[in-house]
Amino acid sequence: NLGEAMAIWAPDVVVETGDITNAPDDYPIEYLYAYNYFLSLGLPLIIANGNHDHGNLALWKQYFGALFTDVNWMGAHFIQINTATSSGVSGRAVNWALSLMNRYFGDPIFLNCHIPLIDINARQAQSYGAVLMEAMINNGGTAVLQGHNHYDMVMDANKALPIYLDLVKNLETCGKFT
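These notes cover the structure that comes with them.

About the thresholds
Residues numbered from 1 in each chain as written. Predicted model: local features only at pLDDT ≥ 70, side-chain atom pairs only at ≥ 80, totals over all residues. Heavy atoms only, no water. Helix = DSSP H or I, 4+ residues; strand = E, 2+ residues; numbered from the N terminus. Buried < 20%, exposed > 50% of the residue type's maximum accessible area, 1.4 Å probe, protein only. Contact = heavy atoms within 4.5 Å. Areas by Shrake-Rupley, 256 points an atom, 1.4 Å probe, with all protein chains shown as cover. Patch = residues over 30% accessible without salt bridge, like charges linked within 9 Å, V, L, I, M, F, W, Y side chains within 5 Å. Salt bridge = Lys/Arg side-chain N within 4 Å of Asp/Glu carboxyl O. Phe/Tyr/Trp six-rings, centres within 6.5 Å; stacked < 30°, edge-to-face > 60°. Axes fitted to C-alpha atoms, helices over the stretch in contact; angles between N-to-C directions. Parallel < 35°, antiparallel > 145°, perpendicular 65-115°, else oblique. Left-handed = near helix turned anticlockwise from the far one by under 90°. Core = buried A, V, L, I, M, F, W, Y, C linked by side-chain atoms within 4.5 Å. Pairing = 2+ DSSP bridges.

**Let's talk about the overall build of the protein chain**
Okay, so step 1: Across its full length, the protein chain carries 6 helices and 8 strands.
Okay, so step 2: Secondary structure elements of the protein chain occur, N-terminal to C-terminal, as α-β-α-β-α-β-β-α-β-β-β-α-β-α.
Okay, so step 3: Taken across its 178 residues, the protein chain has 39% of its residues classed as buried.
Okay, so step 4: Taking the contacts inside the protein chain whose residues are at least 6 apart along the sequence as the reference set, 75% of them involve residues at least 24 apart.
Okay, so step 5: If you sum the accessible surface of the protein chain, you get close to 9900 Å²; carbon and sulfur atoms cover 54% of it.

So this is what it looks like as C-alpha coordinates:
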(Lines give C-alpha, C1' and ligand atoms only; values in the text may rest on other atoms or scores of the structure.)
Protein backbone atom coordinates (compact mmCIF):
# COMPACT_ATOMS: atom_id res chain seq x y z
CA ASN A 1 0.00 0.00 0.00
CA LEU A 2 1.52 3.28 -1.10
CA GLY A 3 -0.08 5.21 1.76
CA GLU A 4 1.55 2.95 4.35
CA ALA A 5 4.90 3.16 2.57
CA MET A 6 4.63 6.96 2.54
CA ALA A 7 4.04 7.01 6.30
CA ILE A 8 7.00 4.72 6.99
CA TRP A 9 9.57 6.21 4.61
CA ALA A 10 8.39 9.85 4.58
CA PRO A 11 9.73 10.61 1.08
CA ASP A 12 10.31 14.10 -0.26
CA VAL A 13 9.19 13.28 -3.81
CA VAL A 14 7.25 10.55 -5.64
CA VAL A 15 8.76 9.12 -8.83
CA GLU A 16 6.16 7.09 -10.72
CA THR A 17 7.07 4.74 -13.58
CA GLY A 18 3.66 4.38 -15.19
CA ASP A 19 0.56 2.21 -15.35
CA ILE A 20 -1.33 4.41 -12.94
CA THR A 21 -4.49 3.40 -14.80
CA ASN A 22 -5.69 0.09 -16.15
CA ALA A 23 -8.21 0.85 -18.88
CA PRO A 24 -8.53 4.63 -19.33
CA ASP A 25 -10.14 4.21 -22.74
CA ASP A 26 -13.06 2.40 -21.05
CA TYR A 27 -12.87 4.20 -17.70
CA PRO A 28 -11.41 7.71 -18.21
CA ILE A 29 -12.30 8.52 -14.59
CA GLU A 30 -9.19 6.52 -13.62
CA TYR A 31 -7.04 9.52 -14.52
CA LEU A 32 -9.00 11.74 -12.17
CA TYR A 33 -8.76 9.18 -9.35
CA ALA A 34 -5.00 8.84 -9.86
CA TYR A 35 -4.51 12.60 -10.12
CA ASN A 36 -6.47 13.25 -6.91
CA TYR A 37 -4.60 10.51 -5.10
CA PHE A 38 -1.19 11.90 -6.02
CA LEU A 39 -2.39 15.42 -5.19
CA SER A 40 -3.52 14.21 -1.75
CA LEU A 41 0.02 13.06 -0.97
CA GLY A 42 1.17 16.67 -0.99
CA LEU A 43 4.51 15.78 -2.59
CA PRO A 44 6.14 16.68 -5.88
CA LEU A 45 5.34 14.08 -8.53
CA ILE A 46 7.74 13.05 -11.27
CA ILE A 47 5.89 10.71 -13.59
CA ALA A 48 6.36 8.63 -16.72
CA ASN A 49 3.43 7.13 -18.57
CA GLY A 50 2.87 3.38 -18.90
CA ASN A 51 1.41 1.22 -21.62
CA HIS A 52 -1.93 1.03 -19.75
CA ASP A 53 -2.00 4.83 -19.61
CA HIS A 54 -1.96 5.10 -23.41
CA GLY A 55 -5.71 4.52 -23.72
CA ASN A 56 -6.44 8.22 -23.60
CA LEU A 57 -3.34 10.38 -23.98
CA ALA A 58 -5.34 13.60 -24.20
CA LEU A 59 -6.49 13.06 -20.62
CA TRP A 60 -2.99 11.95 -19.57
CA LYS A 61 -1.61 15.26 -20.83
CA GLN A 62 -4.43 17.20 -19.14
CA TYR A 63 -3.71 15.69 -15.73
CA PHE A 64 0.00 14.83 -15.84
CA GLY A 65 1.54 16.85 -18.65
CA ALA A 66 3.90 15.89 -21.45
CA LEU A 67 5.10 12.37 -22.23
CA PHE A 68 8.71 13.60 -22.32
CA THR A 69 9.83 15.84 -19.49
CA ASP A 70 13.00 17.13 -17.90
CA VAL A 71 12.51 17.88 -14.22
CA ASN A 72 15.17 19.42 -12.01
CA TRP A 73 14.38 18.51 -8.43
CA MET A 74 16.84 19.73 -5.80
CA GLY A 75 19.76 19.60 -8.23
CA ALA A 76 18.94 16.12 -9.56
CA HIS A 77 17.78 15.80 -13.16
CA PHE A 78 14.89 13.46 -13.89
CA ILE A 79 14.48 12.75 -17.59
CA GLN A 80 11.16 11.08 -18.45
CA ILE A 81 10.94 9.30 -21.78
CA ASN A 82 7.97 7.54 -23.30
CA THR A 83 8.91 3.87 -23.69
CA ALA A 84 5.33 2.68 -23.45
CA THR A 85 4.62 2.34 -27.16
CA SER A 86 4.72 -0.75 -29.33
CA SER A 87 7.35 0.86 -31.55
CA GLY A 88 9.74 1.61 -28.67
CA VAL A 89 11.64 4.83 -28.17
CA SER A 90 11.94 7.06 -31.24
CA GLY A 91 15.28 8.31 -32.51
CA ARG A 92 14.20 11.90 -31.85
CA ALA A 93 13.43 11.07 -28.21
CA VAL A 94 16.78 9.32 -27.84
CA ASN A 95 18.63 12.36 -29.22
CA TRP A 96 16.71 14.62 -26.84
CA ALA A 97 17.58 12.44 -23.83
CA LEU A 98 21.22 12.13 -24.93
CA SER A 99 21.57 15.92 -25.24
CA LEU A 100 20.19 16.36 -21.73
CA MET A 101 22.55 13.73 -20.31
CA ASN A 102 25.48 15.49 -21.95
CA ARG A 103 24.32 18.85 -20.57
CA TYR A 104 23.96 17.46 -17.04
CA PHE A 105 27.26 15.58 -16.99
CA GLY A 106 28.51 15.39 -13.41
CA ASP A 107 25.09 16.07 -11.85
CA PRO A 108 22.76 13.36 -10.55
CA ILE A 109 20.81 12.03 -13.56
CA PHE A 110 17.80 9.74 -13.32
CA LEU A 111 16.25 8.31 -16.47
CA ASN A 112 12.60 7.50 -15.78
CA CYS A 113 10.57 5.27 -18.10
CA HIS A 114 7.98 2.53 -18.07
CA ILE A 115 8.99 -0.40 -20.28
CA PRO A 116 12.58 -1.28 -19.35
CA LEU A 117 15.27 -0.21 -21.76
CA ILE A 118 17.10 -3.42 -20.97
CA ASP A 119 15.57 -6.14 -18.85
CA ILE A 120 18.51 -8.19 -17.64
CA ASN A 121 16.24 -10.80 -16.06
CA ALA A 122 14.39 -11.49 -19.29
CA ARG A 123 17.55 -10.77 -21.33
CA GLN A 124 15.75 -8.49 -23.77
CA ALA A 125 16.19 -4.89 -24.84
CA GLN A 126 14.22 -2.13 -26.48
CA SER A 127 15.45 -0.42 -29.57
CA TYR A 128 17.94 2.25 -28.51
CA GLY A 129 18.03 0.76 -24.99
CA ALA A 130 21.74 0.08 -25.14
CA VAL A 131 22.46 3.58 -26.47
CA LEU A 132 20.60 5.20 -23.57
CA MET A 133 22.19 2.87 -21.01
CA GLU A 134 25.67 3.58 -22.39
CA ALA A 135 24.94 7.32 -22.20
CA MET A 136 23.87 6.95 -18.58
CA ILE A 137 27.12 5.11 -17.80
CA ASN A 138 29.30 7.55 -19.74
CA ASN A 139 27.65 10.63 -18.23
CA GLY A 140 27.76 9.38 -14.66
CA GLY A 141 24.02 8.74 -14.54
CA THR A 142 22.70 7.84 -11.13
CA ALA A 143 19.91 5.39 -11.97
CA VAL A 144 17.39 4.20 -14.52
CA LEU A 145 13.96 3.97 -12.93
CA GLN A 146 11.58 1.75 -14.85
CA GLY A 147 8.35 -0.14 -14.34
CA HIS A 148 6.22 -2.46 -16.47
CA ASN A 149 7.48 -5.78 -15.15
CA HIS A 150 5.43 -7.16 -12.35
CA TYR A 151 8.21 -7.75 -9.89
CA ASP A 152 10.05 -5.50 -7.50
CA MET A 153 13.78 -5.54 -7.89
CA VAL A 154 16.71 -3.60 -6.62
CA MET A 155 19.94 -4.83 -8.11
CA ASP A 156 23.53 -4.31 -7.14
CA ALA A 157 25.24 -2.49 -10.03
CA ASN A 158 28.35 -4.64 -9.65
CA LYS A 159 26.24 -7.71 -10.38
CA ALA A 160 24.00 -6.10 -13.02
CA LEU A 161 26.73 -4.50 -15.14
CA PRO A 162 28.36 -7.77 -16.33
CA ILE A 163 24.92 -9.15 -17.24
CA TYR A 164 24.12 -5.96 -19.14
CA LEU A 165 27.45 -5.98 -21.00
CA ASP A 166 26.95 -9.64 -21.94
CA LEU A 167 23.44 -8.86 -23.20
CA VAL A 168 24.66 -5.94 -25.32
CA LYS A 169 27.50 -8.08 -26.73
CA ASN A 170 25.01 -10.81 -27.68
CA LEU A 171 22.62 -8.30 -29.25
CA GLU A 172 25.45 -6.76 -31.28
CA THR A 173 26.43 -10.23 -32.48
CA CYS A 174 22.82 -10.81 -33.59
CA GLY A 175 22.85 -7.50 -35.46
CA LYS A 176 20.22 -5.83 -33.24
CA PHE A 177 22.60 -3.05 -32.14
CA THR A 178 25.38 -1.77 -34.30
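Having seen the model, we can carry on.
**Details of a nonpolar patch on the surface**
Okay, so step 1: A cluster of nonpolar side chains, Tyr27, Ile29 and Tyr33, forms an exposed patch at the surface whose accessible area comes to about 360 Å².
Okay, so step 2: Relative to the elements of secondary structure, tyrosine 27 occurs in the loop between β1 (14–16) and α2 (29–41).

**Description of the packing of aromatic side chains**
Okay, so step 1: A full pass over the atoms with the stated rule returns 8 aromatic pairs.
Okay, so step 2: Both rings, one in tyrosine 35 and one in tyrosine 63, keep their centres 5.3 Å apart while their planes meet at 45°; by these two values the pair is tilted. Linking tyrosine 35 in helix α2 with tyrosine 63 in helix α3 (residues 57–64), this pair joins segments that are 28 residues apart in sequence.
Okay, so step 3: Ring centres of tyrosine 35 and phenylalanine 64 lie 6.1 Å apart, and the angle between their planes is 65°; on these two criteria the pair is classed as edge-to-face. Remark: phenylalanine 64 occurs in helix α3 and tyrosine 35 occurs in helix α2; sequence separation between them is 29 residues.
Okay, so step 4: On the accessibility criterion, phenylalanine 64 (13% relative accessible area) is buried.
Okay, so step 5: Aromatic rings pair up to connect Tyr31, Tyr35, Trp60, Tyr63 and Phe64 into one cluster.

**Points about the packing of α2 against α3**
Okay, so step 1: Contact geometry of α2 with α3 gives a least axis separation of 10 Å together with a crossing angle of 15°. Between α2 and α3, the interaxial angle falls into the category roughly parallel. Of the two elements, α2 crosses α3, and the hand of that crossing is right-handed. Seen from α2, the contacting residues are Tyr31, Leu32, Ala34, Tyr35 and Phe38; seen from α3, they are Leu57, Leu59, Trp60, Tyr63 and Phe64.

**Some words on the nonpolar core**
Okay, so step 1: If you look at the biggest cluster of nonpolar residues, it comprises 19 residues, and the most contacted ones within it are Ile79, Ile81, Met101, Leu111, Leu117 and Leu132.
Okay, so step 2: Among the elements of the structure, α4 (91–103), β5 (109–113) and α5 (129–138) are those that each provide at least two residues to this core.
Okay, so step 3: In contact with methionine 101, not counting residues within four places along its chain, are Ile79, Ile109, Leu111, Leu132, Ala135, Met136 and Asn139.
Okay, so step 4: Counting 11 residues, the second-largest nonpolar core is a separate cluster that includes Met6, Tyr31, Phe64 and Leu67.

**Examining the pairing of strand β3 (residues 69–73)**
Both faces of the sheet carry side chains from a regular strand, because those side chains alternate between them.
Okay, so step 1: One ladder, built from 5 bridges, connects β3 with strand β4 (residues 76–80); its direction is antiparallel. The residue bridging asparagine 72 from the neighbouring strand is histidine 77, located in β4.
Okay, so step 2: Counting the residues that bridge the hairpin from β3 to β4 gives 2 residues, and of these methionine 74 lies at a positive phi of roughly 55°.

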